[in-house]
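# Notes for the structure review
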Amino acid sequence: MAREWESVIGLEIHCQLDTKTKVWCGCSSDYDNSPENTHTCPICLGHPGALPKLNKKVLDYAIKAGFALNCDINKESKFDRKNYFYPDTPKNYQITQFDHPYAEGGHIDIKLSNGDDKRIGVTRIHIEEDAGKSIHAGEESFINFNRASMPLIEIVSEPDMRNSEEAYRYLNLVKDALKYTKISDVSMELGSLRCDANISVMQKGAKEFGTRVEVKNLNSFKGVARAIDYEISRQIEEIENGGEINQETRLWDEESQVTRVMRSKEEAMDYRFFPEPDLVRIVITDEQLERLEGEMPESKIAKIARFVTDYKISENDAETLSNSIELADYFEKTVASSNNSKLSCNWILTEVLRVLKDNNKTIEEFSINSEELGEIIKLIDKGAISSKIAKKLFEIKLNDERSPIKIVEDEKMAQVADTSEIEKMVVEVVANNPKLVEDYKVADEGRKPRVIKGLMGQVMKASKGKANPKMVMDILTEKLS
Ligand SMILES: [Zn+2]
């Protein structure tokens, strides 16, 4: 009988903090848009005698990340040196936090596809510095130290995940939570969010975890999920074929969709940690915690729940609107102006998002502000324009400075709600369509609505879409009876 397997997954997420300067020195953090090795100084190059000093913003941002991931913030923590030889780390050690990180004991609640909730623990978050970048060109290698000593936080999860779906959802929620705090642009493509996965398999119900393999080089959300799936099957197959899992570090090869050995345990680096003597202990005061807590935004999860309750929209819609704080704000302001949450939600999710997507723009760059969109929706709501005309108005407004009401006036777009005018059009359509009228009269109750819709379409066409549809229907029904 085939054995049943269970997998155990833990994630280490590195997030680059969006500060103006590096973590220990005044070098600009705009490292990627500058010529190689221009954002360097004796401190980030690790010259002897150069003294690092913690950037205050880094600590503020890191604490916000701790709050966002429900961690306990340690009032005192310290920095350590992790010693190893690595060509793109000029000091031959990395400043990080070893046994006393600044944040511990957090969690994120994920929702599974079967509807269940699951809590994934966050073991710790610590502050550390980034390495430089090696560039290999043919026979030669070069190093760019612009990224050296860029501020990072490393978020270490508990081994609580059991499959790639759970890991994918956890990673997404961590990203959302961090993005809301605006401490980082959390882009996996740009490398400001990076993820390593620790994966092992064991027989179902076993007490002890199997040998774990670390997979690096995961630079997309889908890549993380695929690498985990691949690694789980590889490990099970290896064991079932009588082999053993080696404790090793593997790289995810996106092109061939496989993991490959990077270094085995024998070559594994024996890190030696010791306290960093050049940096003072981190001391966090109550005032600092209070100030930062006051700056924390409403979380995405809380926002979605509030939108569903307050605005009576679906959870799915609330989630899409909460994809960015700015879009959520735009929605709330539109509702404040339109007084119609459902219509505002529909217009933003269809028309607004479509235009943004087509033009590759964000809501902050959108040419119609929330008050103007609210005005358009109010015009529909009170029957001044039809939704068809509203779409036309929306298109004009995209490149027009005039207010929606002014455009409606100038372009004579207002709905015709004058009984005598509509009656005139109805009489004309009835006279010009004797066949349809006859058809209506002989049709059974089931078919009548369809025939009358055809006639109604003719009236709407005659009014260029401006006739009030309800009035057209009422008058038409009356004339045909
Ligand atoms: Zn520097």
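The structure reproduced in this document is the subject of the present report. (Residues numbered from 1 in each chain as written. Predicted model: local features only at pLDDT ≥ 70, side-chain atom pairs only at ≥ 80, totals over all residues. Heavy atoms only, no water.)

A few words on the packing of helix H8 (residues 341–358) against helix H10 (residues 387–397). Their axes nearest at 12 Å, the elements H8 and H10 cross at an angle of 35°. When you trace H8 past H10, the crossing you get is right-handed. Across the interface between the two elements, Trp347, Glu351, Val352, Arg354 and Val355 from H8 touch Ala390, Lys391, Phe394 and Glu395 from H10. Of the residues contributing to the contact of H8 with H10, the split by class is five nonpolar, no polar and four charged. (Axes fitted to C-alpha atoms, helices over the stretch in contact; angles between N-to-C directions. Helix = DSSP H or I, 4+ residues; strand = E, 2+ residues; numbered from the N terminus. Left-handed = near helix turned anticlockwise from the far one by under 90°. Contact = heavy atoms within 4.5 Å. Nonpolar A, V, L, I, M, F, W, Y, C, P; charged D, E, K, R; others polar.)

With that settled, the discussion passes to the packing of helix H13 (residues 434–442) against helix H14 (residues 448–462). With their axes 9 Å apart at the nearest point, H13 and H14 run at an angle of 160° to one another. By the angle between their directions, the pair H13 and H14 is classed as roughly antiparallel. In this structure, the crossing between H13 and H14 has a hand that is left-handed. Where H13 abuts H14, its residues Leu436, Asp439, Tyr440 and Lys441 lie against Lys448, Val451, Ile452 and Leu455. Looking at the contact of H13 with H14, its residues break down into five nonpolar, no polar and three charged. (Parallel < 35°, antiparallel > 145°, perpendicular 65-115°, else oblique.)

All right, on to the packing of aromatic side chains then. Enumeration over the complete set of coordinates arrives at 13 aromatic pairs. Judged by centre distance (6.4 Å) and plane angle (35°), the rings of Phe366 and Phe394 are tilted. Of this pair, Phe366 sits in the loop between H8 and helix H9 (370–381) while Phe394 sits in helix H10, placing them 28 residues apart in sequence. Under the relative-accessibility criterion, Phe394 is labelled buried at 0%. Through successive ring pairs, a cluster of aromatic residues spans Tyr84, Tyr86, Phe98, Tyr271 and Phe273. For Lys82, the ring lying beneath its charged end belongs to Tyr271, and the centroid distance is 4.4 Å. Sitting over the face of the ring of Tyr440, Lys448 holds its NZ or CZ atom 4.6 Å from the ring centroid. (Phe/Tyr/Trp six-rings, centres within 6.5 Å; stacked < 30°, edge-to-face > 60°. Buried < 20%, exposed > 50% of the residue type's maximum accessible area, 1.4 Å probe, protein only. Lys NZ or Arg CZ within 6 Å of the ring centre and 35° of its normal.)

Our next topic: the environment of Arg169. In this structure, Arg169 sits in helix H2 (residues 164–181). Along the chain, Arg169 and Ser141 lie 28 residues apart, while their C-alpha atoms are 38 Å from each other. Discounting residues that sit within four places of it in the chain, Arg169 has contacts with Ile110, Lys111, Leu112 and Ser113. In terms of polar contacts, Arg169 uses its side chain to reach the side chain of Glu165, at 2.9 Å. (Polar contact = N/O pair within 3.5 Å; in protein donor to acceptor, adjacent residues only side chain to side chain.)

Even without being glycine, Lys182 reaches a positive phi, approximately 60°. With respect to the helices and strands, the residue Lys182 is situated in the loop between H2 and strand E11 (193–203). Residue classification places Lys182 among the partly exposed residues on the basis of a relative accessible area of 47%. The backbone of Lys412 shows a phi angle near 50°, a positive value even though the residue is not glycine. Mapped onto the fold, Lys412 is located in the loop between helix H11 (404–410) and helix H12 (419–432).

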